[in-house]
Amino acid sequence: MTPGARTGTAGEALAEARGVLATLDHPGLDASVLLARTLDLPRTALIARPEIPIDPAAKRRFGELVGRRAAGEPLAWLTGRREFWSFELEVDRSTLVPRPETERLVEAVLEAVGEAVSGDEGGRVADLGTGCGAVAIAVAREAAGQPEVVATDIDAGALEVARRNVRRLAPGRVELRRGSWCEPLEAGAYAVIASNPPYLRADDPHLLGDGVRHEPRRALVGGRDGLAAIRAIGHGAVRCLRPGGRLLLEHGAEQGAAARAALAAAGFERVRTLRDLGGRDRVTQGTRP
């Protein structure tokens with residue numbers, strides 16, 4: 001997108017950007033989100049007043065963002081923000097962009113925490129591979145009884161993003177620890193452990209998709225068969241969960257049977273898979289004996 005030298009309008013800039021982004025699924029939406037970010041205005045203002053003037057410097061910044069989006073960079077990276085659950089998260093290149101499907105994991109975790117609290121057991125909750133902190137923050141904000149939430153990640157950059165999100169959205173309610181999966185956790189101390197681990201196969205065609213091809217591979221690829229992280233978490237969680245504690249893992253729509261087998265092999269009982277709103281296998285859970 002080549003910016004002009006003259007002052008233009010929001011309507012003109014959006015029309016030009018829609019053309020540049022025409023191969024994407026939502027060119028109009030992406031263009032309006034990026035322009036709203038550039039001008040620090042709500043999208044509704046751009047819709048209501050397409051005659052809003054845009055000076056050459058703003059047009060140049062907008063053009064750069066549109067060009068990067070056309071090249072496949074995730075929209076959330078370009079705006080630095082992503083809505084999830086009932087709040088807005090900061091994200092950057094060190095984190096996976098939270099997906100709507102992961103809200104099903106949050107729902108399942110809140111149900112599990114509620115059952116633990118109603119049984120007068122209480123207990124701690126762990127979110128493994130927390131990334132920007134989406135699941136941990138949602139649980140800390142919403143769970144009955146305000147359980148202690150511990151979130152782990154092996155990447156220092158991701159933890160710094162999570163730290164800023166926690167400070168703004170759930171201050172004092174999530175403890176962040178650096179390490180791989182269950183390694184930073186105490187043995188037998190947790191009522192619920194949850195994770196949205198990498199579960200794509202190394203040759204999965206989704207890795208070439210819009211936005212996804214730019215995201216960190218370590219947060220997406222779960223080994224040759226996509227199940228390496230699921231198996232590792234299953235074995236580690238047996239050590240960290242208290243008796244009767246529950247493990248919940250998000251996975252791909254075709255991985256329900258494999259995830260159930262992995263949890264059963266790790267020693268979990270009452271293993272079952274929950275479906276998302278589209279009727280697809282999405283979260284598999286098991287109980288430590």
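Use the structure listed above.
Just so you know, these numbers come straight off a predicted model, no measurement behind them.

Each value, and the rule that gives it
Residues numbered from 1 in each chain as written. Predicted model: local features only at pLDDT ≥ 70, side-chain atom pairs only at ≥ 80, totals over all residues. Heavy atoms only, no water. Helix = DSSP H or I, 4+ residues; strand = E, 2+ residues; numbered from the N terminus. Rg over C-alpha atoms; globule rule 2.2 N^0.38 Å. Buried < 20%, exposed > 50% of the residue type's maximum accessible area, 1.4 Å probe, protein only. Contact = heavy atoms within 4.5 Å. Areas by Shrake-Rupley, 256 points an atom, 1.4 Å probe, with all protein chains shown as cover. Lys, Arg positive; Asp, Glu negative; His and termini not counted. Charge placed at Lys NZ, Arg CZ, Asp CG, Glu CD. Core = buried A, V, L, I, M, F, W, Y, C linked by side-chain atoms within 4.5 Å. Salt bridge = Lys/Arg side-chain N within 4 Å of Asp/Glu carboxyl O.

S.K.: How should the overall build of the protein be read in this particular structure?
M.R.: When its secondary structure is counted, the protein shows 10 helices and 11 strands. Computed over its C-alpha atoms, the radius of gyration of the protein comes to 21 Å, within 12% of the 19 Å expected for a compact globule of 289 residues. In terms of overall dimensions, the protein has a C-alpha envelope of 70 × 40 × 35 Å along the principal axes. Every one of the 289 residues in the protein was classed for burial, and the buried ones make up 50%. Here the contacts in the protein between residues at least 6 apart in sequence split such that 66% fall between residues at least 24 apart. When the accessible surface of the protein is summed, it comes to about 13,200 Å², and 50% of that surface belongs to carbon and sulfur atoms. Averaging the locations of the 40 positively and 39 negatively charged side chains of the protein gives two centres separated by 2 Å.

S.K.: Would you mind showing me how to read the nonpolar core here?
M.R.: The nonpolar side chains of a soluble globular protein tend to be buried with one another. By size, the foremost hydrophobic cluster in this structure holds 41 residues, and its most contacted members are Leu89, Val109, Val139, Val174, Val192 and Leu248. Counting only elements with at least two residues in this core, the list comes to α5 (75-79), β4 (87-90), α6 (102-118), α7 (134-142), β6 (149-153), α8 (156-169), β7 (174-178) and β8 (190-195). No other element matches the 8 residues that α6 contributes to this core. Ranked by size, the runner-up nonpolar core spans 23 residues in total, among them Leu200, Leu220, Leu241 and Leu247.

S.K.: How do you make sense of the environment of Arg272 when you look at a structure like this?
M.R.: Structurally, the position occupied by Arg272 is in strand β10 (residues 269-275). Taking C-alpha positions, Arg272 is 54 Å from Ile52, a pair spaced 220 residues apart along the chain.

S.K.: Quick question: what am I supposed to make of the side chain of Asp127 here?
M.R.: Tracing the backbone through its elements, the reader meets Asp127 in strand β5 (residues 124-128). Here Asp127 sits buried without a salt bridge, and the closest side chain of opposite charge, Arg177, lies 13 Å off (N-O distance). Sequence-distant contacts of Asp127, that is, excluding residues within four places in its chain, are made with Val135, Ala136, Val150, Ala151, Thr152, Ala194 and Ser195.

These figures come from the coordinates and say nothing about function on their own.
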